[in-house]
Every structure is written in structure tokens, then in C-alpha cells.
Amino acid sequence: MTLPWIPLLTFLGVFVPALAIRGGRTVCALATATAPAVALGLVLFFYLGHDGDEVMRTSLQWLPAMGLELAFRLDGLSLLFLLLILGIGLLIILYTRYYLSEQDSMSRFYAFLMLFMTAMVGIVTSDNLLLLWGFWELTSISSFLLISFWSHETTARKGARMAMTVTGAGGLALLAGIMLIGKVVGTYDMGTVLESHDLITASPLYPAIIVLVLLGAFTKSAQFPFHFWLPHAMAAPTPVSAYLHSATMVKAGIFLMLRLHPALSGTELWTVIVTLTGLVTMVYGAWFAFLKTDLKGILAFSTISHLGLITSLLGLGNSQAMIAALFHIINHALFKASLFMAAGIIDHEAGTRDVRKLGGLYRLMPITTVLTCIATVSMAGLPPLNGFISKEMFFTEALASQQFGGLAWIVPLLAGLGGLLSVAYSLRLAYATFFRRPRQEPPKTPHEPPWPMRFPVELLVALCIIVGLVPTLPQSPILEDAVRATVSGEMPEFHLALWHGINPALLLSMAVIAGGIVLHLLHRHMMRFNRQFKPQDARYIFEGFVQRLVALCQRLIDRLENGSLQRYMFLLMAVSVLAMALGLADLDMLAGSLGQQALDPIVILGAALLIMGGVLTAALHRYRLISLLMLSVVGLVVALTFARFSAPDLALTQLSVEVVTMILLMLALFFLPQKTPKESSGARVVRDVLIATGFGGAVASLNFAVLTRDLNSISNFFIDQSVPGGGGHNVVNVILVDFRGFDTLGEITVLAIAGLAIFKLLNRLRLFMPATDMEGRLWSNDRHPTLLMVVSQTLLPLALLVSFFIFLRGHNQPGGGFIAGLITAVALILLYMSRGVEWAQQRLDFQFQPIAIAGVALSTFTGLCSWLFGYPFLTSTFDHFHLPLIGDIELASALIFDGGIYLAVVGATLMILANLGKLTTAHRPNKDMP
Amino acid sequence: MEPIMAVVIGVIYASAIYMMLRRSIVKLVIGLILISNAANLLIFTVAGMTRDAPPLIPMNGDPLGDVVADPLPQALVLTAIVIAFGVLSFAVVLIRRAYQIVRVDDLDQMKDTDT
């Protein structure tokens, strides 16, 4: 159960820097380091506390319907990566403290860094493929933020965007791959997937799965031809490069291949794609590392090359190759992180990282020189350091590979070539930076950095030496557990050592070193040779591609979207008509088997009125008032229809809503534009009539088709359970306040929000009342007719009484909170209309916003109360009480819920109408009085 | 009776859509009201038109008759009516604000707020 704490701790760490920065930069760094330090302790505690083979797993339900679980695991592989992520992360935090200048926002940097760390920790501990993917995407987003940290620089923004686009696109491919795996295996649970090797490889979807998953892994791990984002991501601050681009993010792709190795590998397809991609990437990266002049550029291409090396080992796929791969992951993280940090120190102290401007630094920065050279020797794969051991293992595997039959020699050839180039660029890096006579003066005179800034480099270099000299000591148990997690079947024997005797791998190594030295001496000629080729800047190609894509989309959008609402509406309607028509065309015949009811004169009258109302509303739309009157005819007849067909609740609601709607429209007519825009062209009228008729026809057919067919209703449950379960006899009301109470809660919330939004929108609205209406008639002076005044005031108590009655009986008879609320609102609005806003507000001295909010709160509160008693949200209860004189009465908790509805409806309706009404009075804002 | 009800609903839908496709924003509002009425009627009627059998369970404990109106669409429509009012008023005010900023009443020209 404590396993989720590891990602949770780092996530909590995201918020620490913002709080701690007030204490100063050192305090901020220390506070930020707390979370990963505790997490690291937790990891070690777990690791030491469990025995051997066992995999620690925890899972919490999240979205079971989607197969998504908050599931975490801790096995050897996770452990190895957790140590790298958290350990190097701590060093980076320390280094950053001295790297960032005073102008940079340290808290922001640390927050991004912790977010990234959380994502990485999440990836390596996820026990569910979908969860893993979520963290995977989070690394893309957080690395985007980190790369673009110096967002004022164009290169940083463009580099970040490129990294985000490439890795994000790869992430989408990965999601598709994961979903296919889920389809084949039937679950996203990691444990099950890892045991389903035979099932997956036998599936016809296997090639698609492989390609999609590898697309994700290759883009993340910068494999050729998706490598181009990595050199441009070097625009990031150096701690970011040291962390993301050496130890962690680029290793996420490698991790994915390792994690899914038991499930996906072992086929020819896997071997061919992964090995060849890895080898090509290795040689390609090493060649460009040799030609680069920017320190970080050299390191970036070197990283690409080493990632290629690891990838090709994963492709070879036997257990010895896996050991070599895992071992090289550790080694690469150690020497590459230290080299990046050293490059940052040089940049920081000398003001440039262009090797053409550097040189002779060994005099000025002796300690940094020694440290960097040791790490460089490790990178080159020279004895007696850790890099040498893993490179020897790599050569051994390359020489022993049998996968490509007659072409098997290609593997050691490419491996040797890559090794040769890496010796050459390592030599060049060390020589040009530290020992060559400087050709130009660097911008600043360098000196040794403060000790704590150098400390991470020292520690990592020391580890390089220790691992090189005593390879069996520290990493064996860790490495063994990691190998066990990635290799299915028996645990292979392995022995790490510097000296294996004279064997083909050693000979190859010696040849490679000699070749590398020669190539280094020929560096100038190689540069001249390279100059013949036109330089290809990936940035321009990428940006050009993006711009063409944007232009294409823009053209498409322009065609679809010209900004006219009517056009969208037309397209939407046309598509709806088409969809309905297709559905209707599938029917055998329009009329179903059900018998039809007989006509009766009242229905014919109602239908005639409805048709007349509808048609005239549209036909007389130029005469707004008459159009409105016709509209209200429709509304009233709809209410009568409800009443006729056994829906008394609906009839009551419709009737009262009709009243408020009409008041709303009268007000709207007042302040909406008085003029009508010029008429549409004849062609457009024809088009609109056609689409409207088509739509109406389709809906009519649909309605008829459904009406004449049998349908299965789920309502029997509600009817049966209404009295025993809900304690009410009015099934509609019981559904509203009980069975579907959650929906109702949502709806009154929407209503209240609409009211509040209107309140806010009108607050800033300025309105100038014209002296006359659009036809030049003066407004009536008789603002408050006496008769109406008297009647409305007399009606108010009566109306309130009626609404109270309707509210109370709602559970058993037609009525309830909605209807009662509307009646109350109408009564109050009548008062407003007859006496004017001023008069009413003096007497109704309260705000409507709190009423609406209180209503929603009351309903929510009723729902929450059921939690107190251990029931699900909104469970209702009821009981019968016997009171003297009055007799048996029933009280249900749903009544309180209904009370909330009542308040929300009253509050929202009055908020809307009273605020609109206020615009018509002297209180409205005017020009002189803003 | 079914064909008549179908035709009625179809006609109201057609009027509503015609109104919503006009260029004046006032007509858009009227169209909105019509279409919500039509939609309510549609949902209400497809569950069956039952006469004189509201879904009220007798207080004296008698069971309901065999044929009773379907309460579920009624509950859905009831909230829909109230919500439609809220949405309508919000639309009215929003349109008013847009009009104030863009200063055109013509929906065809109400394309952006940069004017």
C-alpha cells in the first residue's frame, strides 16, 4: 500500500519550491531535495525489505471500465531505474542551485523538474500499461516546459516544440500499440501482459503492435530517424540536458523496450528492426558527434550513439545481451550526466561551449579537467573504467550474433565502426577543450567553480572508477534483479570483470582504439570532407514541415469555417438530416405493427393550433410581437398536450415556464436590436426552407416510426419501486428527487450557474433606452396600471400559499420543487411588473444569488448526509410519523432535496428576470454614470 | 392520431430550424424556444401517448392499472423545460453582449470580436 507513495512524494515535491523560495535559494534547493531523498530512502527500504524474486505490487481501482488502474510495481528493473532517476535527480538539484543565475526563477525550474521526476518515477513503477502511457505523456509535457525554460530564446522555444511534437507523436503511436496489446491480451495489467508472450506474438496484430510500440520507444530514445529533436533540445539549461538527455527521459524508450521485452521480443521482426535501428543510430550519432563543435552538441550526438548501442543490444535479445544493455544503461548515465554537468561548468565559467574558442583549460581548471577526462575515457570505452567493461560485453555479443545469417558480419562491423568513432570524438572533446593551445580568447577567464557545483561530477566520476575497478561489488545484486525482471526463463550466469583474457572482443577493442586515434589525428581532413555536403538543419526541415501542415489545415478550416453561425448551423442540420434519412431508409416500412389510436376532435383542434402557431411564428417573423404571440400559442398548446396525455406535472411546469419565458422575451425584445438586418437572398430562403422541411419531415417520420412500434421501457422498475423504495406516490417526482436525484442536482446547478452568469454579464451591460419604439411611437406613460397593482398584491400571498401546497404534496400528487419554485417566481415577477423594480426591491430587500446558491447547497448537503450514515451519495430515506390531531404524516429526506430544488429555481429565475428587468428602469447604467 | 402528432412535431421542428437559419439574432432566439418545445414533445410522445393514466400510484394502496403513462420521459422532459428556460435566457444575454461588442445584428457578419 505504501508503493504509490514513491510517485506521490515526488509529485508533492512539485509544490515545495514555490513555498520554499521565500527562504532563499539554498533553502529552496534543500527543501526541494527532501521529497526525492525520502522517496529514495523508501525505495531502498522496500528493496532491502523484500526477498529475491518477489515483485511488489499494489493496485487501486480507478476506471475499471477502461481497464485503467492505479497500479504500481517494484521489481529489479524499476529499482534500477528508480535509483538512477532519484539519485541523479538529487545531484541535479544540488548542481542547479549553483548553475541558475539570479534572474532565473529557481522555484519554477524546480517545480518543472519535480514534475518531470514524478513522470519518470511513474513510468518505471507503473503496473498498468495505460497508466504507464499517462506518465509517458507527462514526461513529454514536463520536458517541454524544461527545455523551454529560457522561453525568451527562440532556439529554446523551437527546440522544445520539436521535442514535444516528436515525442508526443510517438506517444500517440504508443497508445495505439498499447490498446492493441490490450485487445489481444484482454487486459492492461502489466503482469498478465508480460506472461502473454505466446499469445501476443501469435496474434495477427503482432506486427502492428511492434511497429507502434517501437515508434513510441524510438522517438523517445532519439533513435534514427527520429533522433533530430535531441540536439535541438540542448537549448535547455544544462542541468536539464544532464538529467533528461543522459540519465532519464531518453532512457524511457529503452525502459519501455526492456519492460515489454518478455512480452514482445524473441521474433525475427523484433530483432531486425531493433538491432538494425540501434546500430545505424549508433554509427550515425557517433559520426556527427565527431564533427560537432559545440560541447553540448558533441554530447547530444554521443548520447544518440550510446542509446543506439543499448537499443541494438536489446534487439539481439539473448540474456547476455540484456545484461550488457542494463549494465551500459548504468554506465552511460554515470559518465554522461557527469560530462553534461562538466560542460555546464565550462560554459558557466568560460562563457562559451564552442570547442573552437576553448583550449588549454587544464591550466585554469585542473580539477575539472581531471574529472572530465576520466568521464571521457569511460565514454570512449577505454580501460580500466566502467565504459570499457560494458563495451567489451557489447563487442562480445556483436561478434557472437547469429541473427542475420550470411550477413551476420554486419553487426560487428557497425559495432566496431561506432566504437571507433566514439574513441575519436572523445579524444577530440578532451583535447580541444583542455589541452590544445587556445586559438581565441574565451569571453570570460575561467576558474574552478564553487565546490558544491563540482561535487555531483566528482561523485559520478568516482562511481565510474569504482564500477570499473570492482564491477562485481556494487551493481551485481541490483543488476541481477533487473535482469531477472527482463529475461524470461532461467537466470543466466554472468560475471563482470575488466579482464577476460585475450579474446576476439579484446582484439576488436584494440583495433577500434587504434583506429579512433588515427581518425582523431585526421580530424581536420574529415571536417573538410564534411564541408562538401550541404548542411541540413533539422530545425528548418521540421519547421517547414510544420508550417506546411498548418497552412494545409488553415485552408481546410477556411473552407469549413467562415465564421458565420448560420453556416455551421446549416451544415449541422444537413448532416443530421442525412443521418436520420439513412436510418429511416433502413426500415422495411415506415409504419410499424402497432395499432393506431382513434382521432378525436380535441386532438385535431390542438394539432391545428400547434401547426398554426409554429408556421405563423416563422411566417410572421417580421412582426416581432405577433410572432411572439404565436410562439406562446405553441407553448400553451404543448402544455395542454401534456395534460391530455397523462402528464400533469409536465403540464404545470410547461405552463409556468411559458409565463416566465414570455416575460423574458418581452424584455429581450426591448433590449435586443430593434432593427432587422436586410433580408436574405431568395436563393438562401429556398435553401433554408428546404433544409427545414427536410429536417421536419425526417423528425416526423422518425416519430411516426417509433410511435407505431413496440418499445421496452425501463420504467416498470420505477413504478414498482416508487412507494416501497422512494416513499412517494407521484412516480415522476420520485424519479426526479430520488432515483435520478444526481441528474436533478446537476440540472439545478446548471440553472444556478446560468443565473449567475447572466447576473455577471448584465452587470457590465450599458443600455440606453430609446425614447420611442422602432416605429416612432412614444412609450406609454402609464407605467403601473392600478388594477394590475391591486391584483398582483392580493395574489401574492395566495400564490405563495399555492406554491407551498404544491411543493408539499409533490411527492404524492402532481407538483414538487420545480413547479412550486416557478409559481413563486411568477408571483414575485408579477409584483415587479405591476409596481416597478424600485418599489419591489425596496420591499423585497434581499439578493437572489444567495438563494439560488443556498438551494444547490441544500440539495448537495442532503446528498452528502447519506454518506454520514454510510450510504451512497443521495440515498433517500423516509418514515411515517403520527402527530396528534393531524394524523399520520410522512416525511422523506427527498423533501429537503426538493426544497433545495425549489430555492434554486426561485433564485435562478428571479436572478434572471429581475436583473433583466432592472435594465429597463432608471437604475440602469447610463452614459454619464458608468 | 399518431400521424397527426408526427406531422405536428415535424412542422414545429421545421419552423424552428427555419427561424434559426435567419440572419437576425432575435429570430435565432425565437427558433431556440420553438425547437425546445418540439424536442420536448418528441421525447414525450415517443414513449407512447396514454390517456387518463398518469403515473400516480393511488394513495389507498390499489395497484396501478395495466396501461400507465411512462414516468421516465416525463421526468426527463420536466427538467428539460426548466433547463431550456435557463439556457434560453443565457443565450439572450450572451447574444446581447456580443451585439454590444460587435455592433452588428447580422449573424452572418458576427464573425469575430476584433471589429
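Quick notes on the rules
Residues numbered from 1 in each chain as written. Chains lettered and ligands numbered in written order. Predicted model: local features only at pLDDT ≥ 70, side-chain atom pairs only at ≥ 80, totals over all residues. Heavy atoms only, no water. Helix = DSSP H or I, 4+ residues; strand = E, 2+ residues; numbered from the N terminus. Buried < 20%, exposed > 50% of the residue type's maximum accessible area, 1.4 Å probe, protein only. Contact = heavy atoms within 4.5 Å. Areas by Shrake-Rupley, 256 points an atom, 1.4 Å probe, with all protein chains shown as cover. UniProt positions renumbered as here; feature names shortened; annotations may be inferred. Salt bridge = Lys/Arg side-chain N within 4 Å of Asp/Glu carboxyl O. Buried area = accessible area lost by both parts, 1.4 Å probe. Nonpolar A, V, L, I, M, F, W, Y, C, P; charged D, E, K, R; others polar. Pairing = 2+ DSSP bridges. pLDDT = per-residue confidence, 0-100. Core = buried A, V, L, I, M, F, W, Y, C linked by side-chain atoms within 4.5 Å. Axes fitted to C-alpha atoms, helices over the stretch in contact; angles between N-to-C directions. Parallel < 35°, antiparallel > 145°, perpendicular 65-115°, else oblique. Left-handed = near helix turned anticlockwise from the far one by under 90°. Expected span 1.5 Å × (residues − 1). Patch = residues over 30% accessible without salt bridge, like charges linked within 9 Å, V, L, I, M, F, W, Y side chains within 5 Å. Phe/Tyr/Trp six-rings, centres within 6.5 Å; stacked < 30°, edge-to-face > 60°. Lys NZ or Arg CZ within 6 Å of the ring centre and 35° of its normal.

Trainee: Where do I start with the overall build of chain A in this structure?
Mentor: Along its length, chain A carries 38 helices and 4 strands. The buried share among the 930 residues of chain A stands at 55%. Look at the contacts in chain A between residues 6 or more apart in sequence, and 78% of them connect residues 24 or more apart. Accessible surface computed for chain A: about 40,300 Å², of which carbon and sulfur atoms make up 68%.

Trainee: Sorry, what's going on with the overall build of chain B here?
Mentor: Helix and strand counts for chain B come out as 3 helices and 0 strands. Counting helices and strands in the order they occur from the N terminus, chain B gives α-α-α. Taking all 115 residues of chain B together, the buried fraction comes to 66%. Partitioning the contacts of chain B with sequence separation of at least 6, the portion at a separation of at least 24 is 51%. Accessible surface for chain B amounts to roughly 3,900 Å². Of this, 62% is attributable to carbon and sulfur atoms.

Trainee: Sorry, what's going on with the UniProt feature "transmembrane region" (unreviewed entry) in chain B here?
Mentor: Mapped onto this structure's residue numbering, the UniProt feature "transmembrane region" (unreviewed entry) falls at residues 6-21, 28-49 and 75-95 of chain B. Secondary structure content for residues 28-49 of chain B is 86% helix and 0% strand, while the C-alpha to C-alpha distance between its ends is 31 Å.

Trainee: Explain the pattern of salt bridges here, please?
Mentor: Here the structure, examined in full by the defined rule, presents 19 salt bridges over all chains. Put simply, Asp52 of chain B and Arg51 of chain B hold a salt bridge, and the shortest N to O gap is 4.0 Å. The network of salt bridges with common partners includes Arg57, Arg73, Asp75, Asp127, Asp189 and Arg259 of chain A.

Trainee: How should the interface of chain B and chain A be read in this particular structure?
Mentor: Frequently, the measure chosen for interface size is the accessible area that the parts lose on association. Between chain B and chain A, the contact holds 85 residues from the first and 108 residues from the second. Summing the contributions of chain B and of chain A, the shared interface buries around 8,800 Å²; its carbon and sulfur component is 75%. Counting the surface chain B buries against chain A, the share from its top three residues, Met1, Leu21 and Phe85 of chain B, is 9%. Inspection of the region where chain B meets chain A yields 2 salt bridges. Mapped onto the side of chain B that touches chain A, the elements with two or more residues apiece are helix H1 (2-20), helix H2 (25-46) and helix H3 (71-102) of chain B. Here the side of chain B that touches chain A gets 24 residues from one element, more than from any other, and that element is H3 of chain B. Residue composition of the side of chain B that touches chain A, by class: 59 nonpolar, 13 polar and 13 charged.

Trainee: Just checking my understanding: could you explain unusual backbone geometry for this structure?
Mentor: Glycine aside, residues mostly have negative phi angles, and peptide bonds mostly take the trans form. Between Phe224 of chain A and the following residue, Pro225 of chain A, the backbone shows a cis peptide bond with an omega angle of 5°. By the secondary structure assignment, Pro225 of chain A is in the loop between helix H10 (206-220) and helix H11 (229-232). A positive phi angle is found at Ala222 of chain A, which is not glycine, with a value near 55°. On the secondary structure map, Ala222 of chain A appears in the loop between H10 and H11. Its identity is not glycine, yet Asp52 of chain B carries a phi of approximately 55°, on the positive side. As for its placement among the helices and strands, Asp52 of chain B is situated in the loop between H2 and H3.

Trainee: Where do I start with the side chain of Thr368 of chain A in this structure?
Mentor: Residues and elements named next belong to chain A. Tracing the sequence through the fold places Thr368 in helix H19 (residues 366-380). With relative accessibility at 2%, the residue Thr368 sits in the buried group. Excluding its chain neighbours within four sequence positions, the residues that come into contact with Thr368 are Ile345, Phe434, Glu448, Pro449 and Arg454.

Trainee: What's the story with the pairing of strand S2 (residues 68-74) of chain A in this structure? I'm lost.
Mentor: A regular strand places its side chains on the two faces of the sheet in alternate fashion. Residue and element names in this part refer to chain A. Burial runs high along S2: 6 of the 7 residues are buried. For strand S1 (residues 56-63) and S2, the ladder comprises 7 bridges, and the chain directions are antiparallel. Counterpart to Ser59 in the pairing with S2 is Ala71. The antiparallel pairing of S1 with S2 creates a hairpin that spans 4 residues between the two strands, and Gly67 there sits at a positive phi of about 80°.

Trainee: Explain the confidence of the model for chain B to me, please; I cannot follow it from the model alone.
Mentor: Low pLDDT means the predicted coordinates in that region are not meant to be read closely. Residue and element names in this part refer to chain B. Overall, the prediction assigns chain B a mean pLDDT of 83, with 90% of residues at 70 or greater. Within chain B, the lowest mean pLDDT, 86, falls on H3, and the highest, 90, falls on H1. Scored by ipTM, the complex comes to 0.93, with pTM at 0.68.

Trainee: Just to check I follow, could you spell out the nonpolar core for this structure?
Mentor: Grouped burial of nonpolar side chains is what soluble globular proteins tend to show. By size, the foremost hydrophobic cluster in this structure holds 188 residues, and its most contacted members are Ile200, Trp229 and Leu264 of chain A. The biggest single contributor to this core is helix H17 (residues 319-350) of chain A, with 20 residues. Dropping the residues within four chain positions of it, Trp229 of chain A is found in contact with Met162, Ala163, Val166, Thr167, Thr219, Lys220, Ala222, His245, Met249 and Val250 of chain A. One finds Val634, Phe645 and Phe718 of chain A together with Met20 of chain B within the second-largest nonpolar core, a separate group that totals 121 residues.

Trainee: I tried to follow the packing of helix H21 (residues 410-435) of chain A against helix H24 (residues 504-521) of chain A on my own but got confused; where do I start?
Mentor: Two quantities define a packed helix pair, namely the angle between the helix axes and the distance between the axes. All names here are of chain A. Interaxial distance between H21 and H24 falls to 8 Å at its minimum, and their mutual angle equals 50°. With respect to H24, the element H21 is oriented oblique. Considering the relative orientation of H21 and H24, their crossing is right-handed. Together, Gly416, Gly419, Leu420, Leu421, Val423, Ala424, Leu427, Arg428 and Tyr431 of H21 and Val512, Ile513, Gly515, Gly516, Ile517, Leu519 and His520 of H24 make up the contact between the two elements. Split into classes, the residues belonging to the contact of H21 with H24 amount to 10 nonpolar, 5 polar and 1 charged.

Trainee: Got a minute to help me understand H21 of chain A in this structure?
Mentor: Think of an α-helix as turning once every 3.6 residues; residues three or four places apart then point the same way. Given a rise of 1.5 Å per residue, 26 residues ought to cover 38 Å, and the 36 Å separating the end C-alpha atoms of H21 of chain A matches this to within 8%. The buried count for H21 of chain A comes to 19 of 26 residues, which makes it a mostly enclosed element.

Trainee: Even after reading the chapter, I still don't get a nonpolar patch on the surface, so can you show me in this structure?
Mentor: A surface patch of nonpolar side chains, about 470 Å² in accessible area, is lined by Trp5, Leu8, Phe11, Leu12 and Phe15 of chain A. Note on placement: Trp5 of chain A falls in helix H1 (residues 5-12).

Trainee: Sorry if this is basic, but what is going on with the packing of H1 of chain B against H2 of chain B here?
Mentor: Residues and elements named next belong to chain B. H2 packs onto H1 with a crossing angle of 155° between their chain directions and a minimal axis gap of 7 Å. In terms of orientation, H1 and H2 fall into the roughly antiparallel class. Here H1 and H2 pass one another in a crossing that is left-handed. Between H1 and H2, the residues in contact are Met5, Ile9, Ile12, Tyr13, Ser15, Ala16, Ile17, Met19 and Met20 and Lys27, Leu28, Ile30, Gly31, Leu32, Leu34, Ile35, Ala38, Ala39, Leu41, Leu42 and Thr45, respectively.

Trainee: Before we go on, may I ask you to explain the side chain of Ser792 of chain A in this structure?
Mentor: Residue and element names in this part refer to chain A. Topologically, Ser792 is positioned in helix H35 (residues 786-809). Taking relative accessible area as the criterion, Ser792 reaches 1% and is therefore assigned buried. Dropping the residues within four chain positions of it, Ser792 is found in contact with Leu830, Leu831 and Ser834.

Trainee: Help me understand the packing of aromatic side chains, please; the structure alone is not making it clear to me.
Mentor: Aromatic ring pairs: the centre-centre distance and the angle between the two ring planes describe each pair. Counted under the stated rule, the structure contains 23 aromatic pairs over all chains. When the centroid spacing of 6.4 Å and the interplanar angle of 70° are considered together, the rings of Phe109 of chain A and Tyr110 of chain A count as edge-to-face. Like Phe109 of chain A, the residue Tyr110 of chain A is buried in the burial classification. Clustering of aromatic rings is evident, with ring pairs tying together Phe224, Tyr284, Phe288 and Phe301 of chain A. The ring of Trp839 of chain A carries Arg835 of chain A above its face, with NZ or CZ at 4.1 Å from the centroid. Sitting above the plane of the Tyr18 of chain B ring, Arg22 of chain B keeps its charged end 4.2 Å from the centroid.

Trainee: Is there a simple way to explain the environment of Leu420 of chain A in this structure?
Mentor: Residues and elements named next belong to chain A. Relative to the elements of secondary structure, Leu420 occurs in helix H21. Along the primary structure Leu420 and Ala511 are separated by 91 residues, whereas in three dimensions their C-alpha atoms are 8.2 Å apart. Beyond its immediate stretch of four places on either side in the chain, Leu420 contacts Val512, Gly515, Gly516 and Leu519.

Trainee: Explanation requested: the environment of Leu636 of chain A in the structure shown.
Mentor: Structurally, Leu636 of chain A is set in helix H29 (residues 624-644). Aside from chain neighbours lying at most four places away, what touches Leu636 of chain A is Leu655 and Glu658 of chain A.

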